[in-house]
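# Structural overview
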Amino acid sequence: MELLDKGSAAGRAEGNAGSRDALQRLLELADVRLGGDRPWDMRPAPGATAQFEQLPQRVLAEGSLGLGEAYMDGWWVADRLDQLFERLLKARLDQRVTPWPVLWHGLKAKLLNLQNPRRAFQVGERHYDLGNDFYQAMLDQRMTYTCAYWAGKPPAVAEQLDAAQEAKLDLVCRKLGLKPGMRVLDIGCGWGSFMKFAAERYGVRCVGVTVSAEQVALGRQLCEGLPVEFRLQDYRELNERFDRIVSLGMFEHVGHKNAATYMSVARRCLAEDGLFLLHTIGRNDSGHGTDPWIHRYVFPNGELPSIARIGRSAEPHFVVEDLHNFGADYDHTLMCWCQRFEAAWPRFAERLGERFHRMWRYYLLSCAGAFRARDIQLWQWVLSPRGVPGGYKRVS
């Protein structure tokens, strides 16, 4: 028995060493070191030296899911997660480590309709209903949970976030050519930041749909006295006419199996001379699903579209008038959210716990690194039913 135990221990040590060497060779492609002391290097969390030795096997076996869960479990740390993920994604290491859990997740996303009507409200319940006070602490004063528009200005601190979000909301209103009295539909309206801004500044009437009960409750309070209506409703149920349609940060929850339905709903709800602005995160290729860790812990059933997929789904219904990419601005936005989240965390520590703290930090900073690496994008599409006579003039 003693010989078996020694053999088992030796085998584990040999396996750990082999896995460490294999992972380190991969990380060298991104100039990242295991146990290094640079801001983007991965090293053991305090008191987790033994767990850190097992990290390479976990990552090689489980991919990004194992890497993220090990961070949540307190196995490893990096001073600058955003810089770490920028390097990993620039080196495309996510494409070099594709174990079975990653492949299985992609296969399910390809074959199944993870965003069907029965599942439509899951993301609202699990993500957006975390607590309005939590999001109020992290977001700008208007509670705009989408990419801000920095317009080439170098952001410095989170206090600049309010102005950058107002710049984005005003950009959307001007791209849509809003005029007083217009009736506007907001698909995925959140807490109503766009609707409130558009009603106050441009004199329009708005209807917004969302799958989050918490957003509806607070949104109605924030927009009290304005011509703004909130509905807890799946977008597929919409069937009425509007002069303009906007959708900011909701298409990521639609999925490739429902994209054609989404576009047909937008078309049947849009006036013949109307405009539809679609603001969405996107991926560079036409893959399926999203990162398995993001799917499990942050945005269940999410899927980032590609330009090709959006184009194919829009093709039967719309003319593409304009396509604007300002994905680099999401890096700045996420870093501001993280600053505000960390500053407010003592208020939520007891309620949400340290594992959530690590999870949320990992979410914000890994996404910031992904946008900085240009691995994912942020697009605003302007679509019209039949083409704008004389051509559409982009504003900036």
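This write-up is about the structure you can find in this document. (Residues numbered from 1 in each chain as written. Predicted model: local features only at pLDDT ≥ 70, side-chain atom pairs only at ≥ 80, totals over all residues. Heavy atoms only, no water.)

The next subject is the overall build of the protein chain. On a plain count of helices and strands, the protein chain comes out with 15 helices and nine strands. Across the protein chain, the fraction of contacts at a sequence separation of at least 24, relative to all contacts at a separation of at least 6, is 74%. Total accessible area on the protein chain stands at roughly 17,200 Å², and carbon and sulfur atoms take up 52% of it. (Helix = DSSP H or I, 4+ residues; strand = E, 2+ residues; numbered from the N terminus. Contact = heavy atoms within 4.5 Å. Areas by Shrake-Rupley, 256 points an atom, 1.4 Å probe, with all protein chains shown as cover.)

Attention shifts here to the environment of F326. Positionally, F326 belongs in the loop between β8 (319-325) and α13 (328-344). We classify F326 as buried; its relative accessible area is 6%. The spatial distance from the C-alpha of F326 to the C-alpha of A148 is 9.4 Å, given a sequence separation of 178 residues. Here F326 is in contact with C147, A148, Y149, L171, H279, L378 and Q380, once residues within four sequence places are set aside. (Buried < 20%, exposed > 50% of the residue type's maximum accessible area, 1.4 Å probe, protein only.)

Orientation of helix α7 (residues 161-176) relative to helix α8 (residues 193-202), taken along the N-to-C sense of each, is 65 degrees, at an axis distance of 10 Å. With respect to α8, the axis of α7 lies roughly perpendicular. Crossing geometry of α7 relative to α8 is assigned as right-handed. Counting all contacts with α7, which are made through E166, L169, D170, V172, C173, R174 and L176, the residues of α8 involved are S193, F194, F197, A198, R201 and Y202. (Axes fitted to C-alpha atoms, helices over the stretch in contact; angles between N-to-C directions. Parallel < 35°, antiparallel > 145°, perpendicular 65-115°, else oblique. Left-handed = near helix turned anticlockwise from the far one by under 90°.)

By size, the foremost hydrophobic cluster in this structure holds 72 residues, and its most contacted members are W76, L84, Y145, W360 and Y363. Ranked by residue count, the leading element in this core is helix α15 (residues 354-372), at eleven residues. (Core = buried A, V, L, I, M, F, W, Y, C linked by side-chain atoms within 4.5 Å.)

All right, on to the pairing of strand β4 (residues 205-210) then. In summary, the side chains of a regular strand alternate between the two faces of the sheet. With respect to burial, β4 is a largely interior element, five of its six residues being buried. The parallel pair strand β3 (residues 183-187) and β4 is bridged by α8, and the resulting crossover is right-handed. Following the backbone out of β4, through helix α9 (residues 213-222) and into the adjacent parallel strand β5 (residues 228-232), one traces a crossover that is right-handed. (Right-handed = clockwise from strand over helix to strand, strands pointing away.)

With that out of the way, let us pick up the side chain of D331. Along the chain, D331 falls in helix α13. Owing to a relative accessible area of 8%, D331 belongs among the buried residues under this scheme. At 2.8 Å, the side chain of D331 forms a polar contact with the side chain of R372. When residues no more than four places from it in sequence are discounted, the contact partners of D331 are A368, F371 and R372. (Polar contact = N/O pair within 3.5 Å; in protein donor to acceptor, adjacent residues only side chain to side chain.)

Counted by the stated rule, this structure contains 31 salt bridges. Residue R372 pairs with E86 through a salt bridge whose shortest N-O separation is 3.6 Å. With R372 in helix α15 and E86 in helix α3 (residues 81-90), the pair connects residues that are 286 residues apart, well separated along the chain. A salt bridge links D322 to R394; the shortest N-O distance between them is 2.9 Å. Note that D322 is positioned in strand β8 and R394 in the segment after β9 (376-384), a separation of 72 residues in sequence. D322 gets classed as buried once you look at its relative accessible area, which sits at 11%. Salt bridges here are not isolated pairs; linked through shared partners, they connect R58, E62, E69, D73, R296 and R355. (Salt bridge = Lys/Arg side-chain N within 4 Å of Asp/Glu carboxyl O.)

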